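Each chain is listed here by its residues.
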Amino acid sequence: MCRSIKTLRPPVLPHEATGDDIHAAALQYVRKVSGFRAPAAHNREVFDRAVEEVAEATARLLAGLEVRGTRAVHDPHGSQEAHGA
């Protein structure tokens, strides 16, 4: 039904996660949990809302993670700056 969700943080991902990367992972998660690859029309609104909420939570998670003593400040649009902890 859906492909594996990949790790979205360096060094596993060779680049910083973009908004598209985050949205794709959120879509895969909602597809897996709901059991629908594409929802019926009567489920579209709740499905799309879930994808957006999961994407927002994922962006917050990536922004707050500390990797080896460095806190990454993540912009879900693709840019990222590292700040010392």
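Whatever comes next refers back to the structure up there.
Given the structure is predicted, the values throughout are model-derived calculations rather than measurements.

Caption draft 1: Quick peek at the overall build of the chain. Check the secondary structure of the chain and you find 2 helices and 3 strands. Each helix and strand of the chain, ordered N terminal to C terminal, gives the series α-α-β-β-β. Among the 85 residues that make up the chain, the fraction classed as buried is 22%. The long-range fraction of contacts in the chain, counting pairs at least 24 apart against all pairs at least 6 apart in sequence, stands at 45%. A total accessible area of about 5800 Å² is found for the chain, and carbon and sulfur atoms account for 53% of it.

Caption draft 2: Examining the pattern of salt bridges more closely. Inspection of the entire model under this criterion finds 1 salt bridge. For the salt bridge of R44 with D48, the shortest nitrogen-to-oxygen distance reads 3.2 Å. Of this pair, R44 and D48 both sit in helix 2 (residues 44–64), separated by 4 residues, roughly a single helical turn. Under the relative-accessibility criterion, R44 is labelled partly exposed at 36%. Overall, the relative accessible area of 34% leaves D48 in the partly exposed class.

Reading the values: rules and limits
- Residues numbered from 1 in each chain as written.
- Predicted model: local features only at pLDDT ≥ 70, side-chain atom pairs only at ≥ 80, totals over all residues.
- Heavy atoms only, no water.
- Helix = DSSP H or I, 4+ residues; strand = E, 2+ residues; numbered from the N terminus.
- Buried < 20%, exposed > 50% of the residue type's maximum accessible area, 1.4 Å probe, protein only.
- Contact = heavy atoms within 4.5 Å.
- Areas by Shrake-Rupley, 256 points an atom, 1.4 Å probe, with all protein chains shown as cover.
- Salt bridge = Lys/Arg side-chain N within 4 Å of Asp/Glu carboxyl O.

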